[in-house]
Number of protein chains: 2
Amino acid sequence: MALSRYFAPTYVVFGRGAEEECGTLLRENGATKVLIHFGGGSVVRSSLLARVEKSLEERNLSFVEFGGAKPNPRLSLVREGIELYKKEKCDFILAVGGGSAIDSAKAIAYGVVYDGDVWDFYSGKSSPEKVAPLGVILTLSATGSEMSNSSVITNDEKTPNDKVGCNSDLGRPRFAILNPELTFSVSAYQTGSGSTDIMMHTLERFFHSGERFEYTDENAITLLKSVWKNTLRALKNPEDYEARAALMWAGSLSHNGLTAAGNPTGGDWSCHRLEHELSALYDVAHGAGLSAIWGSWARHVCDTDYSRFAYLGWKMFGIHEKTDKEACIKTIEAFEDVFRSFGMPVGLHELGLELSPADIEALALKSSWNGQRVLGDFMKLGHEDMKAIFTEANRR
Amino acid sequence: MALSRYFAPTYVVFGRGAEEECGTLLRENGATKVLIHFGGGSVVRSSLLARVEKSLEERNLSFVEFGGAKPNPRLSLVREGIELYKKEKCDFILAVGGGSAIDSAKAIAYGVVYDGDVWDFYSGKSSPEKVAPLGVILTLSATGSEMSNSSVITNDEKTPNDKVGCNSDLGRPRFAILNPELTFSVSAYQTGSGSTDIMMHTLERFFHSGERFEYTDENAITLLKSVWKNTLRALKNPEDYEARAALMWAGSLSHNGLTAAGNPTGGDWSCHRLEHELSALYDVAHGAGLSAIWGSWARHVCDTDYSRFAYLGWKMFGIHEKTDKEACIKTIEAFEDVFRSFGMPVGLHELGLELSPADIEALALKSSWNGQRVLGDFMKLGHEDMKAIFTEANRR
């Protein structure tokens, strides 16, 4: 009995000025003292942090600031957050930022109610059984972490680093505040990288084994087309509210399970796993790492089912060719053109990396856990497959 | 500050045999004694009820059967359910059926934890502040009540009856079990009526005032197209699993808020309100009542914004005309053709009603609460508008 599950309980408040409601939402969720977790200076410079704190003060909420979240958020920072939350006797975590602040906040939320080491949840030693309450004010459309069950942390206490995810429904935030205006100042590079991540959350779900549902596929394709179109709009005019709004909704819906509705396996996820290994070693932007790998993954796995790629290419780009194989190749190239139009790399060289054969072997060994781990669902990947994909990506 | 809210916390389990998980889901949700609420004999005849009870027994859950839910579910039955739940010291309600059983179960769930009269929540005298936990096993794709905040009850203690809704996020079920196979035996008429209701939940959201978001519109149109196509498939072959699956997902997504994402008003809802008055007086199938009114509503309101109808017609049916007004008329006709292809009426005569001028005046007076209530959002409707719409529908 292969069942599919869909669970997206996060309460979303959307629109201009939505962040002004955060004090009210925190109160409704029982908060009295809030750990506000954020990244670098942009939320300070933009005065967003000040507005958030004003909203908390108006509802008589105490708070502690905890900045410093970085892309590929670090375990060492998570540990600091856990200590501070406990020391200050907080009872709620508010992440203000993008996926890095949210993922780091999720790890803190698991850690503060756990007697053991929070890394247990990422190493696979244990699963979260409870969590501190978490809310989000989103400033970057990308990871979908504001509605997803996922949190990805980089263990900087290990050499080389490990970058791994913990998936638990407990990690889905209580609320998410989505104001597209908060993403007007996102740079072109981060916009392109974020949009690539959004598309990949749907593409990784689109390629799966077993039964398929056309209605779910159509929702996936509607989302992919919207991200494509609205990313180009946002790159041209960063203050295009409707384009930023589309990217924000698409980011949340792309990773809340909607585009896997009915699909019991949940998708393939090989590219995400391979990218995590790549950025653990080379600290690249997640979306850029994904686009640098995807085409090489696609060329390696496509003979599993050319027709799946051909169907996608027809729906997305109107591609018609004599054979599914030819249509498949055109579809892969068309997606690479989309990523290029976002300013993203479609190979490791374009990402600024030049790997030696030894580097590739090390990366493949890390990805396959020395040959012990198989990845994927559309096609299962062993160590040699991973090596072939990295080799191909390195050639581009 | 016009904000939009999206909240769909129901845990969905989807697939063949999903109902076998209901004992486990009830346990996970803290149930010990369950009121099983259902409609007529079909869940008994199909052995679904027996399978559900077996699943409960396997998890050592006690239960009490409470059947009798009918289309346009009655307040008198709700009161019986409240008494039985209390007498039997239940702590969970499981609705097994379509919208009637679910809406009736929601009313019971509000009533058992309220000291006053449950009708207070429907008459507008009070709002629910708590609710007993509720789960659903769905057997009809139609009302979307399995994920919605809505419950509609007919007060059969009044003459004429009142049919009104209570909207509260507390009414969203804890879990919903969706097995498309459970809808194989739904009759052609109920399939067509259910699909009309699903389309209307998205159409009523599509027509709204204020800011619009193309990505949300595209999700709406993807849903409408899928329901159109898959209803025809299911009518041709009632055991077409993929078609039944598409209708089931579309039913849930059409009324969980997805197709109003970003829209602060939440939609127009005039046709639903007018249909509630119609079926309070004449006890018609909800979907059939909606299709019998929609075209007349559309013709009455369309000069508010022809371009909105033209856009819908272009996306749905590829309609191109010289002017938006011409495209609008073609779009309304095309939707009426869709409803006809579902076996649904597009006027009151086709619904089997012939109303006298006095009947229409009575219906309009009831709809406008003797001229005290204004309906709608795309266009505000007063008493004279409602009378004009019913008159037009009665002409067809």
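Residues numbered from 1 in each chain as written. Chains lettered and ligands numbered in written order. Predicted model: local features only at pLDDT ≥ 70, side-chain atom pairs only at ≥ 80, totals over all residues. Heavy atoms only, no water.

Draft legend 1. Just the pairing of strand E6 (residues 150-155) of chain A, in detail. Residue and element names in this part refer to chain A. Across the six residues that make up E6, a large majority, six, are buried. Going residue by residue along E6, you find Ser150, Val152 and Thr154 tucked away on one face and Ser151, Ile153 and Asn155 tucked away on the opposite face as well. Bridge analysis of E6 against strand E7 (residues 162-167) gives six bridges, and the strand direction is antiparallel. Paired with Thr154 across the strands is Lys163, a residue of E7. (Buried < 20%, exposed > 50% of the residue type's maximum accessible area, 1.4 Å probe, protein only. Helix = DSSP H or I, 4+ residues; strand = E, 2+ residues; numbered from the N terminus. Pairing = 2+ DSSP bridges.)

Draft legend 2. Structural view of the interface of chain A and chain B. Taken together, the contacts link 42 residues of chain A with 42 residues of chain B. When the two sides are added together, the surface that chain A and chain B hide from each other amounts to roughly 3,800 Å², 57% of it contributed by carbon and sulfur. The interface formed by chain A and chain B holds six salt bridges in total. For the salt bridge of Glu21(A) with Arg5(B), the shortest nitrogen-to-oxygen distance reads 2.5 Å. Run the count over chain A and chain B and you get 15 residue pairs in polar contact (both at pLDDT 80 or more). Of all the secondary structure elements, the ones that give two or more residues to the side of chain A that touches chain B are strand E1 (4-14), helix H8 (214-236) and helix H9 (241-254) of chain A. With eleven residues, the single largest contributor to the side of chain A that touches chain B is E1(A). Both E1(A) and strand E1 (residues 4-14) of chain B contribute to a ladder of seven bridges, which runs antiparallel. (Contact = heavy atoms within 4.5 Å. Buried area = accessible area lost by both parts, 1.4 Å probe. Salt bridge = Lys/Arg side-chain N within 4 Å of Asp/Glu carboxyl O. Polar contact = N/O pair within 3.5 Å; in protein donor to acceptor, adjacent residues only side chain to side chain.)

Draft legend 3. Region of the structure containing the relation of the copies chain A and chain B. In the superposition of chain A on chain B (RMSD 0.0 Å, axial shift 0.0 Å), the rotation amounts to 180 degrees. As the rotation angle and translation indicate, the two copies are arranged about a two-fold axis. No C-alpha of chain A approaches the rotation axis more nearly than that of Pro9(A), which lies at 1.8 Å. Taken as a fraction of all interface residues of chain A, those also at the interface in chain B reach 100%, which identifies the copy contact as same-surface. (Least-squares fit on C-alpha atoms with pLDDT ≥ 70 in both.)

Draft legend 4. The packing of helix H8 (residues 214-236) of chain B against helix H12 (residues 306-317) of chain B, seen in detail. Residues and elements named next belong to chain B. Running from N to C, H8 and H12 cross one another at 50 degrees; their axes reach a closest spacing of 10 Å. One way to sum up the angle between H8 and H12 is to call them oblique. Helix-helix and strand crossings are classified by hand; for H8 and H12 the assignment is right-handed. Two secondary-structure elements touch here, H8 through Glu214, Asp217, Glu218, Ile221, Leu224, Lys225 and Trp228 and H12 through Arg308, Tyr311, Leu312, Lys315, Met316 and Phe317. Classifying every residue of the contact of H8 with H12 by side-chain character gives seven nonpolar, no polar and six charged. (Axes fitted to C-alpha atoms, helices over the stretch in contact; angles between N-to-C directions. Parallel < 35°, antiparallel > 145°, perpendicular 65-115°, else oblique. Left-handed = near helix turned anticlockwise from the far one by under 90°. Nonpolar A, V, L, I, M, F, W, Y, C, P; charged D, E, K, R; others polar.)

Function cannot be read off these values alone, since they describe shape.
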